[in-house]
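Tertiary structure, described
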Amino acid sequence: MSSACANWTMARMMASSTGPTPTVWNLALAALAMAMSEYFFTLYALATDVYNLLGHVYKIVAYGFLYRGLSASTIAQPYLALQRSQSELQATISTLPDLLFEMDARGVYLAIHARERHALTAPPSELLGRNLQAVMPPDAAQQCFAAMDEARRTGISRGRRIRLPLPQGPRFFELSVVLKPPSGPPDRREPTFLVLSRDVTETVHNEQRIEREARLNAAILDLRDHVDREQESEFFRRGVEHAERLTGSVIGFVHLVHEDQDTIELVSWSSSTLQNYCTATYDRHYPVSRAGIWAEALRQRRAVVFNDYAQAPERRGLPPGHAPLQRLVSLPVVRGDRVELLMGVGNKPEDYTDADVELLQRLADTLWSLVTQRRQQALILRLSQALEQSPYPVLITDTHGAIQYVNRAFTQVSGYEAAEVIGANPRLFQSGQTPPETYAGLWQTLERGQPWEGEFINRRKDGGIYFEKAAIYPIRDESGQLTHYVAHMEDVSLRREVEQRIRNLSDFDPLTGLMNKKAFEERLHSEVHLARSRGEPLSLLWFNLDNFKVVNESLGHPVGDELLVETAHRLREALGPDTALARYAGDSFVALMPRAPQSAVALSARAALQAVQAPLTVRDNLLSVGASVGIAVFPADADSATALVSAAESAMFRMKQEGRNGLRFFSPDLQANTQRSLELAAALKGAIAANELFLVFQPQMALRDGRLTGAEALLRWQHPKWGAVSPAEFIPLAEQTGSIVPIGRWVQRQALRTVRAWDEAGLPPITLAINVSAVQFAQTELVDELCTMARDAGVPPERIEIELTEAVALRDPVAAGKTLQRLHNAGFRLSIDDFGTGYSSLSYLRDFSVNKLKIDRSFVRDIAHDEMARRLVRTMVDMAHALGMTAIAEGVETDEQRAHLQACGCDEIQGFLYSRPLEADAFVAFARANARP
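Residues numbered from 1 in each chain as written. Predicted model: local features only at pLDDT ≥ 70, side-chain atom pairs only at ≥ 80, totals over all residues. Heavy atoms only, no water.

Per an unreviewed UniProt entry, the protein chain goes by the name Signaling protein and belongs to Tepidimonas fonticaldi.

1. Let's talk about the nonpolar core
Formed by 79 residues in total, the largest nonpolar core has its most connected members in L768, I800, V873, L901 and F923. Counting residues per element, this core draws most heavily on helix α22 (residues 740–760), at nine residues. With sequence-adjacent residues up to four places away left out, V873 is seen in contact with I855, F859, I863, L901 and C904. Within the second largest apolar cluster, 34 residues are counted, among which are V551, M593, V618 and V629. (Core = buried A, V, L, I, M, F, W, Y, C linked by side-chain atoms within 4.5 Å. Buried < 20%, exposed > 50% of the residue type's maximum accessible area, 1.4 Å probe, protein only. Helix = DSSP H or I, 4+ residues; strand = E, 2+ residues; numbered from the N terminus. Contact = heavy atoms within 4.5 Å.)

2. So, the pattern of salt bridges
The tally for this structure, following the rule as stated, stands at 46 salt bridges. With a shortest N-O distance of 3.3 Å, R460 and D491 are connected by a salt bridge. Of this pair, R460 sits in the loop between β14 (452–459) and β15 (465–476) while D491 sits in strand β16 (residues 482–491), placing them 31 residues apart in sequence. Note that R619 is salt-bridged to E562, the shortest N-O span being 2.8 Å. Within this pair, whereas R619 is found in the loop between β20 (616–618) and β21 (621–623), its partner E562 is found in helix α17 (residues 557–575), the two being separated by 57 residues in sequence. Each member of the salt-bridge network shares a partner with another, and the members are E801, R829, K852 and E908. (Salt bridge = Lys/Arg side-chain N within 4 Å of Asp/Glu carboxyl O.)

3. What to know about helix α13 (residues 436–447)
If you check α13, its first and last C-alpha atoms are 17 Å apart, about what 12 residues at 1.5 Å a residue would give, namely 16 Å. Taken together, the buried positions of α13 are occupied by T438, L442, T445 and L446. Around the axis of α13, the buried residues are gathered within 95° of arc, so they sit on the same side. The exposed set on the far side of α13, more than 90 degrees from its buried face, consists of P436, E437 and E447. If you follow the buried residues of α13, they end up packed against β14, β15 and β16. One or two steps after α13, the chain reaches G449, where phi turns positive at roughly 80°. (Expected span 1.5 Å × (residues − 1). Arc of directions from axis to C-beta.)

4. Let's talk about the side chain of E340
Residue position: E340 is located in strand β11 (residues 338–346). Discounting chain neighbours no more than four positions away, the residues touching E340 are L256, V257, V333, R335, W368 and E478.

5. Things to note about the sheet that holds β11
Paired through their backbone hydrogen bonds, the strands of a sheet run either parallel or antiparallel. The antiparallel open sheet is built from six strands, whose spatial order is β8-β7-β6-β11-β10-β9. Two strands in the sheet have a free side with no partner beyond their single neighbour: β8 (285–287) and β9 (304–306). Pairs of neighbouring strands in the sheet enclose a mean axial angle of 25°, with direction left out of account. In the sheet, strand β10 (residues 328–335) pairs with β11 via eight bridges, with the strands oriented antiparallel. Each residue of the ladder has a partner; that of P332, found in β11, is L342. Sitting on the sheet, helix α10 (residues 354–388) touches β6 (251–257), β9, β10 and β11, and the angle it makes with β10 is about 45°. (Pairing = 2+ DSSP bridges. Axes fitted to C-alpha atoms, helices over the stretch in contact; angles between N-to-C directions.)

6. With respect to helix α7 (residues 232–247)
Taking 1.5 Å of rise per residue, 16 residues should cover 22 Å, and α7 covers 23 Å from first to last C-alpha, within 8% of that figure. Where α7 is concerned, the buried positions are F235, F236, G239, V240, E241, H242, A243, E244, L246 and T247. Contacts made by the buried residues of α7 are with α6 (201–226), β6, β7 (263–269), α8 (271–277), β11 and α10.

7. Some points on the environment of F543
Summarising the element assignment, F543 is placed in strand β17 (residues 538–545). Through-space distance from the C-alpha of F543 to that of A627 is 6.4 Å; in sequence the pair is 84 residues apart. Discounting residues that sit within four places of it in the chain, F543 has contacts with L571, L575, D587, S588, F589, A591, A608, S628 and V629.

8. Thoughts on the sheet that holds strand β2 (residues 109–113)
With antiparallel pairing, the five strands of this open sheet are ordered in space as β2-β1-β5-β4-β3. The outermost strands of the open sheet, each flanked by one partner alone, are β2 and β3 (156–166). Put simply, the sheet's adjacent strands are angled 25° from each other on average, direction ignored. Seen against the sheet, helix α5 (residues 138–154) touches β1 (99–104), β3, β4 (169–180) and β5 (192–199) and runs at an angle of roughly 165° to β3. Across the sheet, α6 touches β3, β4 and β5, and the angle it forms with β4 is around 115°.

9. Remarks on the pairing of strand β24 (residues 693–702)
Counting buried positions over the 10 residues of β24 gives nine, a clear majority of the element. Here nine bridges tie β24 to strand β25 (residues 708–719), and the two strands are oriented antiparallel to one another. If you follow F697 over to β25, its bridge partner there is A713. Counted along the chain from β24 to the antiparallel partner β25, the turn is five residues long, and its residue G706 has a positive phi close to 75°. Here β24 pairs with strand β32 (residues 908–909) via two bridges, running antiparallel. Within the sheet, the bridge partner assigned to M701 lies in β32 and is I909.

10. Topic: a nonpolar patch on the surface
Where nonpolar side chains cluster on the molecular surface, the patch consists of L43, V50, Y51 and L54 and spans about 300 Å² of accessible area. The class for Y51 is partly exposed, based on a relative accessible area of 34%. (Patch = residues over 30% accessible without salt bridge, like charges linked within 9 Å, V, L, I, M, F, W, Y side chains within 5 Å. Areas by Shrake-Rupley, 256 points an atom, 1.4 Å probe, with all protein chains shown as cover.)

11. Some details on the confidence of the model for the protein chain
Scored by pLDDT, the protein chain comes out at a mean of 85, with 88% of its residues at no less than 70. Looking across the protein chain, the model is least confident in helix α1 (residues 2–18), with a mean pLDDT of 45, and most confident in strand β19 (residues 588–594), with 95. (pLDDT = per-residue confidence, 0-100.)

12. Observations concerning the packing of α6 against α7
Across the interface, α6 lies against α7 with an axial gap of 11 Å and an inter-helix angle of 170°. Looking at the two axes, α6 sits roughly antiparallel to α7. Two secondary-structure elements touch here, α6 through R215, L216, A219, D222, L223 and H226 and α7 through F235, R238, G239, H242, R245 and L246. Classifying every residue of the contact of α6 with α7 gives five nonpolar, three polar and four charged. (Parallel < 35°, antiparallel > 145°, perpendicular 65-115°, else oblique. Nonpolar A, V, L, I, M, F, W, Y, C, P; charged D, E, K, R; others polar.)

Printed below as a string of structure tokens:
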């Protein structure tokens, strides 16, 4: 029993270890039954007892399980595996996108596997048992047999292609054929073939497209190579013959269409057409109405295709000698709104396709483009031959300004060879002397499509300047598109030189080179008109040499002439190059000074007198000549140009009567003021040494809390003769005479010493504003001098506020910006005075490092009763705040003005309402009295 249990356990282990397959189970049960049989055989005593019976029963059962196990492993399982393999093979074949056939050596279909049934020439049921010669075109069947023959010899054949006509259109297939091993009895074995047929229609089409492109490109290259070698008619014939070869046609022709679009001209038949197909004769020119059906391409302005010419509607009979037509393509070349050319081909062995039409259209377009280009080049050649012989320079550019052509005259005038300028821009010839407005007007005119005429001042290759008159106009093609610009030019330098010489003789004094009387009077009338329209003064200065007649009579006219030339030179140097200066007559010179104040005119006249009075040597003669100057001012002394000249001359004669060698104004009041100005200018030079100058300080207050925030240093002059001289009078004199620079340095030193003294007196730290004039601000050493002064005085730079007007800041914004930045970097505060009276430019405020804007007193004066003034002030305050600056108003004299300024958001004020300007000691007392905790 224990042996049986062991056998049972072993059987279970075998079954569990190998998995529950039928074979394993049957063998395991057979082993178990056999063990049980053996067990019962050991127990029986008699042949007829029950144990012997059970042993035989178990043995029979064991043989049964053994048979089933052996049968499953040797018969059932291989059969099932074969079924699975066949199913998998069928599934694989069914998923193939290609067609799979089995054929015998005679080409009979034995088996067909096709997922895509539409790729078959007939349904599978109709193909089985039939020969491929019965269902394929002969050439395709021949390829199939050739592939099978190759497979029979080598075992496999690849790459042969066939073309089959299918309902959806012709398709191309690539064959792969293998020889199948023979089966069946040796005496009945016949070879069979497996044929894999793959649809390669798209691949074939791509290859055909590439091949067509290659042939088209080769044709185009050939045309480009011959466009300049053949007569036009021969070139057209070459193009038609290329069209025949590209489309597989045997007939070709080309016609030109005239401008009226109603007349056509036969240009050429192809050589093949004339030799083999057409012997008819035609008029070269005839109306479209007489043309055949191929002219529909002209009427419809598109390609027309007739693949069955016999059935074409509206076809006409062909004349004797004309080739019979089976198929025809005719197409136009259209440019803009016109048909230029018609090209046609015919009698292709098979139908024309869209690909044929596309190929033909591209060839025809290229042919016409090359012919057009050839004609244009021929025209350009003829024109260039004419232009090359033109005595006037000619220049042609493309639409971007690149030079395409220059003629020989251009190279002679400019000095440049053609190769040096082709492809360059005409900017190459600019001298920088042609006004920018000239170029702006040129392009504005050309962009409107209109011709332009004008003059340039150009530079030759050698650097020489020449004047060139030019006529420039745009060139358009037949479709109206701009293609080129053409410039016809003329070197007018000699003409201009002659004109200038004539003008000089007419307008300038030949001895001194100054304007003559005629030119000066023309200028005078213009300046009087301008001064009247602007409401500005215009001063006329009349210079007459004293005792010039004595020099002429004693030393001779050549010496007198040289004296006049030197006098003209000295007057020009003294009055400046921009002053209108003329030799009016004999030894009289006149000059115009528009917009200048009376003091400036007097100082300029005095400087000119001093220059004339300086001794000079003429032909070994030492001379010292004085001059009398008369000055008249429009409109105070005269209201017309003629009257102004008379007034200045009268003032000059009065000066001669009063002693010569001086200047006199026509108006007695002006004369008195002039004398005072001259004396003040002289006295101002010694004012510092005489301790006549001193500073006063006007306090500045914060509107928010009434706190003292700073002060402005103001210069005063106490003269022993004239008393207190107004800064409005002596500051301009100091600027005109150059005294402002030393006076400015004195002011800066005194202001810094005062700040130091205030600090030592225990005043709270406040900022002191110092005004800087335009002359001072232009000094390159200004920043270094201020830094040195502040360091010597022991005053931090941030306690000093440099104040300058808008006009000074904007005179040269670039230089001003650099100076202001240096001051800012050094620690000085910066303020813009008289804000609102100049440009008030946001750009310079943004770029300059400014801390404070001072609103001019003219806005403050009207703020109480003028709404516009209040709006302007509010705008200026908002502008200052937006830029991170403090806004201060000057000239505040009433509580009403202060209230309006506070309502506008102004930060600080200064003016008589808060305090008049105070001397240093008085300011200390004021500061202490107004100190805030």
